[in-house]
Amino acid sequence: MRREATLLVYFLLFDHVVFSLAYTKKGVNGSIYDDCNMIIWRIGAIINPTTRVGKEQKIGMEMAVDDFNAQNSECSQLVFNFANYSHGPAASLATFLANKKQAHAILGPLTHQEAALFSDFDDEAYKGIPIISLHPASTYSTVLLTESPSLIQMSNDVESKMQCFAALIGHFKWRKVIALYEISNDFSNMDSGLITHLSDSLKVVDSSVEYHLAFPPLFSLSDSKSFIQKELVKLKTKNVKVFVVLQCSLDFGLVLFEMANEMGMMGENYVWIISNNMASLLDSVEPSVLLNMQGVIGFKANVNEKTESFREFNAKFRKKYRSQYPEEEGYPSPSSYALKAYDATWATAKAMQKLSGSNSSELLKSILLSDFEGLSGKVSFKNGMLYQKPTFRIINVIGKSYREVSFWSPEFGFSEVLGEHNGVKLKIGNGLGGALSIVWPGGMQTVPKGWTIGGLEKPLRIGVPARGAFTQFVKVKFNQERNETLIGGFSVHVFQAVVRELPYYLPYDLVPFYGTYDEMVVGVSNKNLDAAVGDTDILAERYEYAEFSQPYIDSGLVMIVTERLRLNKLHFIVIKAFKLKLWILLAVMSMSTGVVIWLNEYVNDNPDFSGESIKSNLSRLVLTTWLCVVVVVTACFTAILSSIMTVPRLEPSVLNVDYLLRTNAPVGCNGNSFIVKYLVNLQFKPENIKKISSISDYPKAFEKGEISAAFIVAPHAKVFLAKYCRGYTKSGPVFKLGGFGFVFPKGSPLAVDISEAVLKLSQSGEINQLEEQMLISTNCSSSSAEEQVSGLGQELFSGPLLISGVICGIVFLISIARIVRKHWLYLSSIIANSANIVLRWTSLVKNCNTVIDQRPNIQQNGEITEVF
C-alpha cells in the first residue's frame, strides 16, 4: 500500500511541475518531413543543468545527436528532449518523457530503484523502454539488473574503482583508512554498498576501514560549510589520518577541502585520496581553488587524447560549451562524463538505425549488442553493464594544477608511460614509478604514515609494570634528589632499541603501572594507556582486549625446585676416574713395555730373565721411564677418584607436577602475573598457591618450607638460576607460552611497525646481546656435580706417555737389529740354499717344456695318436 501511495503522490505532484524542455532537431533541410517515409526516433534525457556534470552531459548528448543526424539521410532522424533533474524525482521525469514526449529510450543518472519505479509507472504501451544509466557510482549487481531488465549501466563497475583505492593504500602500506562519501540521491540507498566493496578490496592488501561517514547531498544542506566543519571536527580527533573520498559532487568536494584546509587537516601526516568522479572535473575548476587541495592524490578515467576523433570532439565541445555557458570561467575541457554521455547517445542512435520500427524490446536488444570504439573507450555490454577494462590515471595536486604520476589498471596494476594499453602507452609491472615525486599534504615528499598517536604536545602514554617480581626486566625507582621516576631494565632497553628502528619519530612517556599485568592490558584496551611495555606474556585471553607485537624473547612456564643428594650408589665408580681412551692407552703401553724388555733381554742372552733379573741397561731405561709415567698417572688417579667420591651427586627434589598435586604441596609464583590462574587450571588449590613479590623472596620461601616448588616463566627462571646457581634446578616439563611482547590497542597500526622492527633486531642479534649483558645468562645451575667432576683423558698425560713410547720404540728397533746380526750366518746359508733350489726347479721346468714341443703326431684311421 505504501508503494502505491508513493506512486500516486508522484503523479499528483508531477501534474503541477513545470519542466524545462529543450528540443533539438536538425535535418538536412531543416524539417523532419519529406517525401520519404520519415522515421523519427526520440531520446529523452534527464539532466541537472545546474551542475558541471549535467552541463557536460547535456552538451555531449546534443553533439552525438547532431553528428548522427548529419551522417544520416532525411528519412531517419533523431530527436533529443531533456528534463531538468532538479525539478522532480528521476522516475517521474522518465515517465513524463516516455508518455508526453514519446521517448523511445531514456538516458540519465537513474539508480536501480528509480529504474524499477519507472517500470511500475509505465503502462503496457511503453513496457521495456531502454534506460541507459549514467549514474557515476555503479553498485549494481547482476541480480539487481535482472530485476530491472530494461536498465543498461553505462558507467564502469564500482569494483574496479575500489580496487584502485586498495592498490594505492596497499602500495603505501596504510593499515587503516576513514571513508567519506556524499549520498548521490536521496531516493537511493545503494551508496552504502560502496563501503562493503571498499572493505572487501582492502582485505586483499591487509588494510581495513576504521570509520566511515556519509554526508547528505550538498543541495539539501542549508549551511553546508558549518555542517561539514562539525563532521570534520569529529574526524580530526581520530588517530587514522588517511581519508578516502569514495564519491562526491564537485561542489561538495570543493567545500570539503576548503573546510579541511581551514582546520589544519591538509598538513603533515594527512592523506587524502579522491575518486574519478571528482578528479575528472579538476580541469574545470578555478586554479586558485586547487590551493585548498595541495598534496591530494586520486585517479581519473584514462582517455586517449591523441586520436583524431577526440581532437575534433574536444574542439567542438569547447566552442559549444562557451556559447551555452558564457558566464563560466575556466578551461572547458570535456571530462569522462561528457565522453560517456556522447558514447551512450551514439550507441542508442546506432541501435535505432538498425531497426525498421519503434519496438522498445528490439531496441533494448540492439543497444546491448553494441560493439564499437567510443571516445571513452570500448563500448560493449555484458549482463546489462558496460564491459570495459578501465585504465585510471593517478594524479597528484600540486600548485594550481595537478600532474600525472602513474597509470593503474586491474589487469596490470601500476604502470609507467611506456607500452600501450587501451590507447595509452604503458610500461607494465614497474610499480608506482612516480611515487617518489609525489608531494603530500604539508609539502612533504616522504610518504606519510597515515596515522598519529600523540605528538610532541601529547606523547604516547606507555605503561610499564611497577610491581614486577623480576626488576631485571622492568625497574621503577624514584630518585628523590632529582624528583623524577627512573625506569629501566631489559624490556625497556629492547623497546628503546625497537623505536630507533622505526622510520619515523615516535614521542612517548613511560608511565609506572601499579596493578597486575592483566589490568595493564585492560588499561590499554580502554585507552587509559596508549601501549604497554614490559615482561608481558602473550596469552590467548589477553588477545580479547589488545594486540601484541612480535615476541622479543621466547617464554614458557618452568618449575624450579631445590636439589638433593642422589640416593642410589654408583657401581664401578673407580672406572670413572679415567676416560675410556686413557684406560686403553695405558693397557697398550704396559704390554708394549713388557714385550720390549723381554726382547731386549733375550737378545743379550740373559739366562736369569725368567726370574726377572734385568741385566741390559736399555731394558732398565725402558722400565725406569715407564715407572715414572706410572707414578704420575697413579697420583692423578688418586686425586680424581677422591674428588668423585667426596663431591655429592645431586638431583631435583621434585621430579614432576603430579607429585605436587598428589601430596597437596604448596607452590609459589609471581602474584601479579597470569601464573596464579594458570596453576588453578592445572588443578592446584588456590590456598596452596603462595604469591611472591620479588626474586629474593623465593629462596626464603624454600628455606622456610613455605613452598616445595616455584613456577616461573622461562626468562625469569634464567635470571633466578643465574643468581642462585647452587642448590636450585629446573624440573619437569616446560609449558609453552607465546613469549614476551609489547601491548597495543586493537587495530593499532603501530603494532605492525613495532613487530617489523623487533624482527630486524632479532635477526641482527642485538636482542641476544642485550639479553647476555643484562640478564647474566649462565649454565652453572644446569650442570650436575658428576658433570662438573668428570674423568681424566689422555691429553693430560700426552707428554710422559710420548717420552716413554719413543724410548720403548728405539729399544725395540735396537733389539731387532741385534737379532738380525746375531743370526746373520745362519740366515745367509738358508737364503743360499733357497736360491739353489729355485734355480734347479727353474731348469727342470724348462727341459720338460722342450721335450713336449718335440713330440711326433701319428694319424691313423682318422684318429690322432700321441707317442710319449
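Bear in mind that the values here come from a model prediction, so they are computed numbers and not experimental data. (Residues numbered from 1 in each chain as written. Predicted model: local features only at pLDDT ≥ 70, side-chain atom pairs only at ≥ 80, totals over all residues. Heavy atoms only, no water.)

**Q** Let's hear about the overall build of the protein: which residues, and what values?
**A** Along the backbone of the protein there are 26 helices and 32 strands. In the protein, which comprises 868 residues, the share counted as buried stands at 48%. Of the contacts formed within the protein by residues at least 6 apart in sequence, a portion of 74% connects residues at least 24 apart. On the protein, roughly 43,300 Å² of surface is accessible, and the fraction owed to carbon and sulfur atoms is 55%. (Helix = DSSP H or I, 4+ residues; strand = E, 2+ residues; numbered from the N terminus. Buried < 20%, exposed > 50% of the residue type's maximum accessible area, 1.4 Å probe, protein only. Contact = heavy atoms within 4.5 Å. Areas by Shrake-Rupley, 256 points an atom, 1.4 Å probe, with all protein chains shown as cover.)

**Q** Please provide a residue-by-residue account of the packing of aromatic side chains, values included.
**A** Scanning the entire structure with this criterion turns up 34 aromatic pairs. Relative to tyrosine 325, the ring of tyrosine 321 lies with its centre 5.0 Å away and its plane at 50 degrees, an arrangement referred to as tilted. An identical accessibility class is assigned to tyrosine 321 and tyrosine 325; each is buried. What links up through ring pairs into an aromatic cluster is the set Phe68, Phe313, Phe317, Tyr321, Tyr325, Tyr342 and Trp346. The residue whose ring lies beneath lysine 55 is tyrosine 325, and the NZ or CZ to ring-centre distance is 5.0 Å. One Lys or Arg, lysine 350, reaches over the ring of phenylalanine 372 and ends 6.0 Å from the middle of that ring. (Phe/Tyr/Trp six-rings, centres within 6.5 Å; stacked < 30°, edge-to-face > 60°. Lys NZ or Arg CZ within 6 Å of the ring centre and 35° of its normal.)

**Q** Account for the pattern of salt bridges, with residues named and values stated.
**A** Enumeration over the complete set of coordinates arrives at 20 salt bridges. With a shortest N-O distance of 3.7 Å, glutamate 328 and arginine 52 are connected by a salt bridge. You can see glutamate 328 sitting in the loop between α11 (308-324) and α12 (336-353) and its partner arginine 52 sitting in helix α2 (residues 52-71), a full 276 residues away along the chain. For glutamate 328, a relative accessible area of 26% corresponds to the partly exposed category. The exposure class of arginine 52 is buried, given its relative accessible area of 11%. Residue aspartate 283 is joined to lysine 300 by a salt bridge in which the shortest nitrogen-to-oxygen separation is 3.5 Å. Here lysine 300 lies in strand β11 (residues 297-301) and aspartate 283 lies in the loop between α10 (276-279) and β11, a separation of 17 residues in the sequence. For aspartate 283, a relative accessible area of 29% corresponds to the partly exposed category. (Salt bridge = Lys/Arg side-chain N within 4 Å of Asp/Glu carboxyl O.)

**Q** Would you mind going over the UniProt feature "transmembrane region" (unreviewed entry) in the protein in detail, with residue names and values included?
**A** As annotated in UniProt, the feature "transmembrane region" (unreviewed entry) corresponds to residues 582-600, 621-645 and 801-820 in the numbering used here. The span residues 582-600 is 100% helix and 0% strand, and its two end C-alpha atoms sit 27 Å from each other. Taken end to end, residues 801-820 comprises 100% helix and 0% strand; its first and last C-alpha atoms sit 29 Å apart. (UniProt positions renumbered as here; feature names shortened; annotations may be inferred.)

**Q** Describe the side chain of lysine 300, naming the residues involved and giving the relevant values.
**A** Since its relative accessible area comes to 10%, lysine 300 is described here as buried. Ignoring sequence-local partners within four residues, the contact set of lysine 300 consists of Asn276, Ala279, Ser280, Asp283, Thr391, Phe392, Arg393, Ile395 and Tyr402.

**Q** How would you summarise the pairing of strand β19 (residues 475-479) if you had to cite specific residues and measurements?
**A** Direction of pairing for β19 relative to strand β20 (residues 484-488): antiparallel, over a ladder of five bridges. Looking at the pairing, asparagine 479 lines up with glutamate 484 of β20. The turn linking β19 back onto β20 is made up of four residues, and asparagine 483 within it adopts a positive phi angle of 55 degrees. (Pairing = 2+ DSSP bridges.)

**Q** An account of a nonpolar patch on the surface is requested, with residue identities and associated values reported.
**A** Together, Phe812, Leu813, Ile816, Val820 and Trp824 make up a nonpolar patch on the protein surface, roughly 480 Å² of accessible area in all. No other element matches helix α25 (residues 798-822), which puts four residues into the nonpolar patch. Position of isoleucine 816 among the secondary structure elements: in helix α25. Since its relative accessible area comes to 36%, isoleucine 816 is described here as partly exposed. (Patch = residues over 30% accessible without salt bridge, like charges linked within 9 Å, V, L, I, M, F, W, Y side chains within 5 Å.)

**Q** Explain the sheet that holds strand β8 (residues 208-215) to me, and be specific about the residues and the numbers.
**A** Sheet strands line up and pair through hydrogen bonds in the backbone, either parallel or antiparallel. With respect to topology, eight strands assemble into an open sheet ordered β8-β7-β9-β10-β11-β15-β16-β17, the strand pairing being mixed. In the strand order of this sheet, the two ends are held by β8 and β17 (413-415), each with one partner. The sheet shows a mean angle of 30 degrees between the axes of neighbouring strands, taken without regard to direction. Where strand β7 (residues 176-182) meets strand β9 (residues 242-247), four bridges bridge the pair, whose relative direction is parallel. (Axes fitted to C-alpha atoms, helices over the stretch in contact; angles between N-to-C directions.)

**Q** Tell me about the environment of valine 285, residues and numbers included.
**A** Looking at where valine 285 falls in the secondary structure, it is placed in the loop between α10 and β11. Under the relative-accessibility criterion, valine 285 is labelled buried at 10%. Each C-alpha atom, one on valine 285 and one on lysine 400, is 9.9 Å from the other, the two residues being 115 residues apart in sequence. With sequence-adjacent residues up to four places away left out, valine 285 is seen in contact with Leu250, Leu254 and Leu290.

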